[in-house]
Amino acid sequence: MNKEEKHDLVLALADQIKEYGNFYITDTADLSVAKVNNIRRQCFEADITMQVAKNSLIKKAMEAAGGDFSPIYDVLKGSSSILFSKSATAPAKLIKALRKKGDKPVLKAAYIDSAVFIGDNQLDTLTKLKSKEQLIGEIVGLLQSPAKNVISALQSGGNILAGVVKTLQERG
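Rules used throughout
Sequence order as written defines the numbering, with residues in each chain counted from 1. It should be noted that, the model being predicted, local features are given only for residues of pLDDT at least 70 and side-chain atom pairs only at 80 or more, the latter also being counted only at that level, while totals for whole chains, interfaces and linings use all residues. Water and hydrogen atoms were dropped before computing side-chain values, which therefore reflect all heavy atoms in the structure. Pairing of aromatic side chains requires ring centres within 6.5 Å, counting the rings of Phe and Tyr and the six-membered ring of Trp. Pairs whose planes differ by under 30 degrees are stacked, by over 60 edge-to-face, and all others tilted. By definition, any uninterrupted DSSP run of H or I lasting at least four residues is a helix, any uninterrupted run of E lasting at least two residues is a strand, and each is numbered from the N terminus. Burial status follows relative accessibility: with a 1.4 Å probe on protein chains alone, a residue under 20% of its type maximum counts as buried, one over 50% as exposed, and anything between as partly exposed. Look at NZ for Lys and CZ for Arg. If either is within 6 Å of the ring centre and within 35 degrees of the ring normal, a charge sits over the ring. Method remark: on a 1 Å grid restricted to protein atoms, a set of points is classed as a cavity if a 1.4 Å probe fits but cannot get out and as a pocket if it is open with protein on both sides within 12 Å along at least five of seven lines; lining residues have an atom within 4 Å of a point. Grid points are joined across faces, edges and corners, and a volume is the space filled by probe spheres set on the points. Only Asp, Glu, Lys and Arg are considered charged, only Ala, Val, Leu, Ile, Met, Phe, Trp, Tyr, Cys and Pro nonpolar, and every remaining residue, Gly among them, polar. Each domain span listed reflects an automatic or database assignment of domains. The rule for a salt bridge is simple: a side-chain nitrogen of Lys or Arg has to be within 4 Å of a carboxyl oxygen of Asp or Glu. Counted as a polar contact is a pair of N or O atoms within 3.5 Å, where, for protein atoms, one must be capable of donating a hydrogen and the other of accepting one, and residues adjacent in sequence contribute only when both atoms are in side chains. Residues are treated as being in contact if the distance between any of their heavy atoms lies within 4.5 Å. The pairing criterion is simple: DSSP has to find at least two bridges between the two strands. Note on definitions: angles span 0 to 180 degrees between N-to-C directions of axes, and those axes are lines fitted to C-alpha atoms, for helices only across the stretch in contact.

So, on to the packing of aromatic side chains. A full pass over the atoms with the stated rule returns five aromatic pairs. When the ring of Phe69 is compared with that of Tyr111, the centres are 4.6 Å apart and the planes differ by 55°; the resulting orientation is tilted. Here Phe69 is found in the loop between α3 (55–65) and α4 (70–73), whereas its partner Tyr111 is found in strand β4 (residues 106–112), with 42 residues between them in sequence. Pair check on accessibility: Phe69 and Tyr111 agree, each one buried. Grouping aromatic residues by their ring pairs yields a cluster made of Tyr20, Phe23, Phe69, Phe84 and Tyr111. Across from the ring centre of Tyr73, 4.9 Å away, lies the NZ or CZ of Lys59, which sits over that ring. Looking at Lys86, its charged tip hangs above the ring of Tyr20, at a distance of 5.3 Å from the centre.

What follows is about the layout of surface pockets. Roughly 290 Å³ of volume is contained in the largest pocket. Lys86, Ala88, Asp113, Ser131 and Lys132 are, among the 16 residues lining the largest pocket, the residues nearest its centre. For the lining of the largest pocket, the leading source of residues is helix α7 (residues 132–171), giving four residues. Across the lining of the largest pocket, the residue classes break down as five nonpolar, six polar and five charged. Taken domain by domain, the lining of the largest pocket gets at least three of its residues from each of domain 1 (3–129) and domain 2 (130–171). In this structure, the second largest pocket spans a volume of roughly 180 Å³. By residue number, the principal contributor to the lining of the second largest pocket is helix α2 (residues 33–45), which donates three residues. A breakdown of the residues in the lining of the second largest pocket according to their chemical character gives four nonpolar, two polar and four charged.

Under the defined criterion, the tally for this structure stands at four salt bridges. In this structure, the salt-bridge partner of Lys104 is Asp27, at a minimum N-O distance of 3.5 Å. Of this pair, Lys104 sits in the loop between α5 (90–99) and β4 while Asp27 is found in strand β1 (residues 22–27), placing the two residues 77 residues apart along the sequence. Just as Lys104 is buried, Asp27 falls in that class too.

With respect to the secondary-structure elements, Asp74 resides in the loop between α4 and β3 (80–84). Asp74 sits in the exposed class, given a relative accessible area of 58%. Measuring from C-alpha to C-alpha, the distance between Asp74 and Ile118 comes to 9.6 Å, with 44 residues separating the pair along the chain.

Residue classification places Asp27 among the buried positions, given a relative accessible area of 19%. From its side chain, Asp27 meets the backbone nitrogen of Ala29 in a polar contact 2.9 Å long. Once residues within four sequence positions are removed from consideration, Asp27 is found in contact with Ser79, Lys104, Pro105, Val106 and Lys108.

Turning to the side chain of Thr127, a few remarks are in order. Position of Thr127 among the secondary structure elements: in helix α6 (residues 123–127). Within the local environment of Thr127, its side chain forms a polar contact with the backbone oxygen of Asp124, the two atoms lying 2.7 Å apart. Beyond its immediate chain neighbours, meaning those up to four positions away, Thr127 contacts Thr89, Ala92, Lys93 and Lys96.

A sheet is described by the order of its strands in space; here five strands give the open sequence β2-β3-β1-β4-β5, paired in antiparallel fashion. Strands with a single pairing partner mark the edges of an open sheet, and in this sheet they are β2 (49–53) and β5 (115–118). This sheet shows a mean twist of 20° between the axes of neighbouring strands, independent of strand direction. The pairing of β4 with β5 spans four bridges and is classified as antiparallel. Note on β5: the bridge partner recorded for Ala110 is Phe117. Against the sheet, α5 touches β1, β3 and β4, its axis set at about 25° to β1.

As structure tokens, then:
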């Protein structure tokens, strides 16, 4: 790969980092071509973009994208693949499914909406993250619940109040 091709790859990776906002860096060293192709196919089916690149180029792409990626720099050793997805959890779920059949890919780091997760031990945490839409839905549900309770209490209280008034009128 000549200098111009490396420069183009760095710019392409930087654009993907900015576009997706979520990416995972994994170790796929020692996997056969067939296994890597299988991972690529499963990534494609899960709407995940997979790119194999040199660590130095990944680091330059992160620097070009802007943002604080410095905690990730230390894990850029050995063979690295970078997975891009609009979904914060899709790559983690795919990695976890792949690990049922073998010990790779290993999660090196993940960058999710400006939060950095380092190490393979973060995989379970990443699979349980909720999307922005899910969190907003839960908040709306929580906000609606007290309002529904007040309305329900007023409605049932209104029926009780009407019954008390009717009873008083009958007595009076």
